Amino acid sequence: MGAGDCRGNFPHQQRARRVCFGERGARRAPRTPGHHAYHARPRKAVRAQGRFLLPPLQQTHTPTLGLRGREKAEPRGSRVRCPKSSSCPASCRGQRAVQGAQATDHHTQGHGQQGPTEGGRGGLRPPRHPDLVVEVAHPKIIHESGAQILRHANLLVGSPSALGDQTTERQLLEASNHWNHAVFVARGALWGTEDIRRLDAAGGLQSLRVTMATHPDGFRLEGPLAEAHSTGCRTVLYEGPVRGLCPFAPRNSNTMAAAALAAPSLGFDGVIGVLVADLSLTDMHVVDVELSGPPGPTGRSFAVHTHRENPAEPGAVTGSATVTAFWRSLLACCQLPSRPGIHLC
């Protein structure tokens with residue numbers, strides 16, 4: 001029998017064979033039960049060179065030798081691949097897997113006529129109907145697709161600076177009222193959001209100023225701010241209405257934008273934002289919120305000043321505590337009722 005031949009490996013074939021001895025009288029070791037079945041036929045033993053030999057059988061197909069495409073002869077008793085044998089327990093599994101994958105690809109390519117199906121490896125998943133879409137990428141997503149998203153689901157805006165654009169804010173409000181879906185806005189790193197909102201609703205808020213300072217490597221600036229350079233240890237890059245800062249620092253003005261949404265009486269034009277590059281703040285973001293109310297009967301005004309230090313990796317845009325705050329906002333908006341409008345959470 002030739003190299004890689006697996007004839008006579010099955011028990012019913014071994015029983016029909018005679019025990020053969022070599023010239024030195026050593027008994028030949030029986031071959032390991034193989035993988036391929038051949039049709040047996042009556043054979044006659046032929047005596048040649050002192051041993052009994054059985055005539056070769058006509059195989060029903062030609063096995064493919066080698067497990068890795070080796071062209072050299074395989075040793076006796078080695079495993080061979082047989083693409084036509086269904087009784088091959090191990091080596092033909094790969095062939096069946098390939099055939100199954102080909103069938104799957106064929107089924108997938110024809111989905112245009114069959115339509116989407118649920119379940120199964122070859123089918124397509126049915127269209128989903130989400131309750132909430134979360135944006136945490138860039139304000140540009142809200143500018144371009146925010147109104148379309150509200151047609152299908154509620155929207156959680158992770159980039160509040162997108163609402164600094166008046167056209168985008170108007171489109172979101174119109175879509176929210178038309179499709180009866182809510183626009184939730186994450187408060188992010190803004191501390192005391194509820195207090196600011198309550199004070200503004202009571203008419204006791206006269207001024208609001210938010211200062212954000214970090215190392216220059218933590219800024220992602222655009223337009224004229226991208227060309228600004230630090231002239232010393234602490235440099236003020238921008239100071240003015242938050243609306244004017246959002247287009248040029250879309251990823252570094254979200255806290256200020258959230259403050260503008262928390263105080264609608266002041267809005268993006270009344271809340272003052274300050275962006276500071278500080279070379280000493282290599283591993284943190286510092287946010288100062290200063291607010292004051294109108295003068296009282298004694299001439300003195302109510303005032304609050306909060307100082308928040310948020311640890312951050314060098315060069316990171318977002319601090320570590322902001323991630324936790326955003327997660328809490330996500331959980332909160334899932335519990336709030338879905339009603340039209342823009343809601344800070």
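Bear in mind the structure is a predicted one, so any value in this text is a computation, not a measurement. (Residues numbered from 1 in each chain as written. Predicted model: local features only at pLDDT ≥ 70, side-chain atom pairs only at ≥ 80, totals over all residues. Heavy atoms only, no water.)

### Here's the deal with the sheet that holds strand β7 (residues 234–241)
And then number 1: Read from one edge of the open sheet, five strands run β7-β8-β6-β9-β10, paired in mixed fashion. What marks the edges here is a single partner per strand, and that holds for β7 and β10 (301–311). Each strand axis lies, on average, 15 degrees off the axis of its neighbour in the sheet, ignoring direction.
And then number 2: Sheet analysis places strand β9 (residues 284–295) next to β10, joined by ten bridges and oriented antiparallel. Residue pairing for β10: His285 is matched across the bridge by Asn310. (Pairing = 2+ DSSP bridges. Helix = DSSP H or I, 4+ residues; strand = E, 2+ residues; numbered from the N terminus. Axes fitted to C-alpha atoms, helices over the stretch in contact; angles between N-to-C directions.)

### Focus on helix α8 (residues 254–262)
And then number 1: The buried count for α8 comes to nine of nine residues, which makes it a mostly enclosed element.
And then number 2: All of the buried residues in α8 are Asn254, Thr255, Met256, Ala257, Ala258, Ala259, Ala260, Leu261 and Ala262. (Buried < 20%, exposed > 50% of the residue type's maximum accessible area, 1.4 Å probe, protein only.)

### What about the sheet that holds strand β5 (residues 182–185)?
And then number 1: Spatial ordering of the open sheet is given by β3-β4-β5-β11, a layout of four strands whose pairing is parallel. Pairing within the sheet leaves two strands with one partner each, and these edge strands are β3 (132–135) and β11 (341–344). Averaged over all pairs of adjacent strands, the angle between their axes in this sheet comes to 20 degrees, without regard to strand direction.
And then number 2: Here three bridges tie strand β4 (residues 154–157) to β5, and the two strands are oriented parallel to one another. In the strand pairing of β5, Val157 is matched with Val185.

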